[in-house]
Amino acid sequence: MIQALLAVVRRDLLLAMRQRGDVFNVLMFFVIVVTMFPLGVGPDKDTLRLIAPGVVWVAALLSAILSLGRLFALDYADGTLEQIMLSGQPLSLTVLGKIAAHWLITGAPITVMSVVLAMVFDMAVGPGATLVASLLLGTPCLSLIGAVGAALTLGLRGAGVLVTLLVLPLYVPVLICGALAVERSAGGLSPAPGLMVLAALSLGATALAPWAIGAALRVSVE
Amino acid sequence: MQTQTIRPLRFGLHRFAAPPEFYRLAGRLIPWFGSAAAVLAAFGLYLGFFVAPTDFQQGEVYRIIFIHVPAAWMSMFIYAVMAFWAGVGLAFNTRMSSMWACAMAPTGALMAFLALWTGALWGRPAWGAYWAWDARMTSTLILLFLYLGFMALHGAIDDPRRADRAAGVLALVGVVNLPIIYFSVQWWNTLHQGATISLTRAPTMATTMLEAMFVMMLSFWMYSIATSLARVRAILLEREKRTSWAQAIARG
Amino acid sequence: MHWASWQDFWAMGGSGRYVWGAYGLVALALAAEVMLLRARVRRARETVRRTADWSNKETQQ
């Protein structure tokens, strides 16, 4: 079973590496969105340190949604998705494999990039580390919940904006816990509660989302 | 044309799962629920304006509560019921259940919107700000987004069955997330505001206030059922326009 | 009954515009919903009638 999972991950990673541009674009989007805020708000260091957790997290949400376009749509367009679903392989496994690959090319780079962004916003080491940790724990949840939206909107016109509408409200708990953990850390308190909730959300999503995604895929692919 | 096998229920209720029967039943029920809503509203408003006393802290403006709380409560209740029937439609592949869920959504969304609006009009005189990002109002706003997402997804899919099922999955995901969203927003609110009191907490309520609020809640409930019944009739006609029963009704 | 006069009732202790603004909006919104629904059912019946006539014409030809 693990081998089947790894095979799915490897395949998706290979496909993504062939279109490296797509992956890079999402990361660039993340950085550019974050950069917009100091430009809009002003370079005052204290203000920036205050808004940094929220800004980085919102940018992460938007980047995650943006990247969902390639999760199922490419396989759906050329019929591969239907083949996979007919192949008799447990759908949940395939779904988890695809999402793991998706996270490796979106959530993971975003988490790494946040190290740089923490310095850009002049965050102290503690809050900066918490930011990275929160993204590490929270971005899997974003990929999982986002996948539900991606599966539901397969092949629809205007799918991009629609996915955003559907998925952002569901992202709110992750956003709140992530940003809150960093703020607590900045205030000298322990970020552990927020980080633990994030971990719980990601674990819960890993357990429950594959069901919803499978159901959504079956609905969309008929 | 696809015939549905309907599992027999007690009292022959299962026949109402068939569109023409449900259409006729809905038509007969609407006047009852509508009148009940009107009578309860009249009684509730009487209690609210002429029996309930002036509030010690907030004066008269608290009386907005008699429409604010029912709207807020209905918006949440309708979402749960909607998700339930969408789930039934998904699990048992019954069209009527999914159509019923779709029929309820716009009324639920309207209730959420009214809760927000009346909450803002209450907040301004009572606490100085139209919108204060407190836990309950923010959660209601997110609930409105969930409703709009449900309706947007359903509207974006041309095939009615796929639309029903997709929106159904979304509703179930939403209803599972709703408590998580509520608690996280509450946590967000308390940590950012410290020891401030919850801004939309009702004043300590005299019994008459509670009675008036309860009657108004029932009224809103009856109203929501009536509008959902009317809307499901429209949906039935729209979807079944090629069937003989619908054409017979439209002509006769 | 504790309103000294109708004027007191409408004034609502100074916050009349908020109270009546809220109630007015709700009444308006609910009335609009009912009217829109009636129109929707009417339109649906029309569509069904037209579909019936059209398919009748087809079978006649």
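It should be emphasised that the depicted structure is a prediction, and the values quoted were computed from it without experimental measurement. (Residues numbered from 1 in each chain as written. Chains lettered and ligands numbered in written order. Predicted model: local features only at pLDDT ≥ 70, side-chain atom pairs only at ≥ 80, totals over all residues.)

(A) Spotlight on the overall build of chain A. Within chain A, the secondary structure is distributed over 10 helices and zero strands. The linear arrangement of helices and strands in chain A, starting from the amino end, is α-α-α-α-α-α-α-α-α-α. Relative to the globule expectation of 17 Å for 222 residues, the C-alpha radius of gyration of chain A, 18 Å, shows essentially globular dimensions. Principal axes of the C-alpha set define a box for chain A whose edges measure 55 × 30 × 30 Å. By residue count, 49% of the 222 residues in chain A fall in the buried class. Taking as baseline every contact in chain A between residues at least 6 positions apart, the subset at least 24 positions apart corresponds to 80%. (Helix = DSSP H or I, 4+ residues; strand = E, 2+ residues; numbered from the N terminus. Rg over C-alpha atoms; globule rule 2.2 N^0.38 Å. Buried ≥ 20, exposed ≤ 12 C-beta atoms within 10 Å, placed from the backbone. Contact = placed C-beta atoms within 7 Å.)

(B) Summary view of the interface of chain B and chain C. Chain B puts 30 residues into the contact, and the matching count from chain C is 25 residues. Looking at the side of chain B that touches chain C, the elements that each hand over two or more residues are α3 (95-127), α6 (207-239) and α7 (244-251) of chain B. Within the side of chain B that touches chain C, the residues separate by chemical class into 17 nonpolar, four polar and nine charged. (Nonpolar A, V, L, I, M, F, W, Y, C, P; charged D, E, K, R; others polar.)

(C) Examining unusual backbone geometry more closely. At Asn93(B), a residue that is not glycine, the phi angle is positive and equals roughly 55°. Checked against the element boundaries, Asn93(B) lands in the loop between α2 (65-92) and α3.

(D) Representation of the arrangement of the chains in the model. There are two pairs of chains in contact here, and the one with the most contacts is chains B and C. As for chain C relative to chain A, no contact occurs, and the smallest C-alpha gap between them is 24 Å.

(E) Up close: the packing of helix α7 (residues 107-120) of chain A against helix α8 (residues 125-152) of chain A. Residue and element names in this part refer to chain A. With their axes 9 Å apart at the nearest point, α7 and α8 run at an angle of 160° to one another. On the basis of their axis angle, the class for α7 and α8 is roughly antiparallel. When you trace α7 past α8, the crossing you get is right-handed. Across the interface between the two elements, Gly-107, Ile-110, Thr-111, Ser-114, Val-115 and Ala-118 of α7 pack against Gly-128, Leu-131, Val-132, Leu-135, Leu-136, Thr-139, Pro-140, Leu-142 and Ser-143 of α8. (Axes fitted to C-alpha atoms, helices over the stretch in contact; angles between N-to-C directions. Parallel < 35°, antiparallel > 145°, perpendicular 65-115°, else oblique. Left-handed = near helix turned anticlockwise from the far one by under 90°.)

(F) Up close: the environment of Ala163(B). All names here are of chain B. With respect to the secondary-structure elements, Ala-163 resides in helix α5 (residues 160-193). Given 18 C-beta atoms within 10 Å, Ala-163 falls into the partly exposed group. Sequence separation between Ala-163 and Cys-102 is 61 residues; the distance between their C-alpha atoms is 9.9 Å. Discounting chain neighbours no more than four positions away, the residues touching Ala-163 are His-154 and Ile-157.

None of the figures reported here should be taken as evidence of function without further support.
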